[in-house]
There are 2 protein chains.
Amino acid sequence: MINPFTDEYFMKKALQEAEMAFDKGEIPVGAIIVVNNTVIARSHNLTELLNDVTAHAEMQAITAAANYLGGKYLKDCTLYVTLEPCQMCAGALYWSQISKIVFGASDEHRGYMKMGTQLHPKTVVKRGVLAEEASDLMKQFFAKKRK
Amino acid sequence: MINPFTDEYFMKKALQEAEMAFDKGEIPVGAIIVVNNTVIARSHNLTELLNDVTAHAEMQAITAAANYLGGKYLKDCTLYVTLEPCQMCAGALYWSQISKIVFGASDEHRGYMKMGTQLHPKTVVKRGVLAEEASDLMKQFFAKKRK
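Residues numbered from 1 in each chain as written. Chains lettered and ligands numbered in written order. Predicted model: local features only at pLDDT ≥ 70, side-chain atom pairs only at ≥ 80, totals over all residues. Heavy atoms only, no water.

**Q** Got a minute to help me understand the UniProt feature "domain: CMP/dCMP-type deaminase" (unreviewed entry) in chain A in this structure?
**A** Summarizing the sequence annotation, UniProt attributes the feature "domain: CMP/dCMP-type deaminase" (unreviewed entry) to residues 5-119 of chain A in the numbering used throughout. The straight-line gap between the two end C-alpha atoms of residues 5-119 of chain A is 25 Å; of that span, 38% is helix and 22% is strand. (UniProt positions renumbered as here; feature names shortened; annotations may be inferred. Helix = DSSP H or I, 4+ residues; strand = E, 2+ residues; numbered from the N terminus.)

Below is the structure:
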């Protein structure tokens, strides 16, 4: 039987969120949280609209997922995010004890890997899913900004 | 002329916030943000009440201060927090470009220093202000929990 619920399938939904951020003039990063193949949270970066450096897509998704689940730990959840999380988001994910993180494009400058942020020992990471699409969207955004 | 606005003066206010957290059964951490000797944000840890790992005192204070200032950068602000910030909060403070962080007790296990989280290069840090008071409150909390 074909399983339609691949990482690419869910990452496309995160990319749709990133596109919504793009349309609002926000740095285009989108995230969703999935449990048992069901999306329980979706969000995109809103730091400009909310005037708030903490309003990254992942932070909002963590809060929304915990709210949906009625508990603060995201133990059976997977986060799909279009860009590698930063120190803040990785730190929040550490506290959440999330099971899996799938991200698209790497952030060579401010990503948690370069910065050395620690995730929870139980968290599995997969990187590079639809990375080119996520990266293209970021490049378009900054090219447009420079004009 | 005596300056009443010392770091101890403001840390006492952060400690009052930590006591409020204690009374609610929350891990007792309090924070305030000050600009020109005026408190513009005050908060305490609410992770239990809100079922949200992101609801640390510092995160709420950053959001509240940005809201007060009408801009997301906290360039002329000082954060007073009773406990050393974690990776998440240090990561948020990095983005905020806050001028100064004053913290009380060190967190040897999950503090940003041990974890190697990077702050903004312009951020000045002062540690150990009313550390004993902050630490005592934490010890009381965990002793009570174990009972």
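The rest of the description comes next.
**Q** What exactly am I supposed to notice about the packing of aromatic side chains here?
**A** Aromatic ring pairs are described here by two measures, namely the spacing of the ring centres and the angle between the planes. Residues and elements named next belong to chain A. Inspection of the entire model under this criterion finds 16 aromatic pairs over all chains. Between Tyr 9 and Phe 10, the ring centres sit 5.0 Å apart and the planes meet at 80°, which makes this aromatic pair edge-to-face. Judged by its relative accessible area of 32%, Tyr 9 falls in the partly exposed class. Ring plane angle 35° and centroid distance 5.4 Å describe the contact between Phe 10 and Tyr 80, whose orientation is recorded as tilted. Note that Phe 10 is positioned in helix α1 (residues 7-23) and Tyr 80 in strand β3 (residues 78-83), a separation of 70 residues in sequence. Each residue in the set Phe 5, Tyr 9, Phe 10 and Tyr 80 is aromatic and connected to the rest through ring pairs, giving one cluster. Sitting above the plane of the Tyr 73 ring, Lys 75 keeps its charged end 5.6 Å from the centroid. (Phe/Tyr/Trp six-rings, centres within 6.5 Å; stacked < 30°, edge-to-face > 60°. Buried < 20%, exposed > 50% of the residue type's maximum accessible area, 1.4 Å probe, protein only. Lys NZ or Arg CZ within 6 Å of the ring centre and 35° of its normal.)

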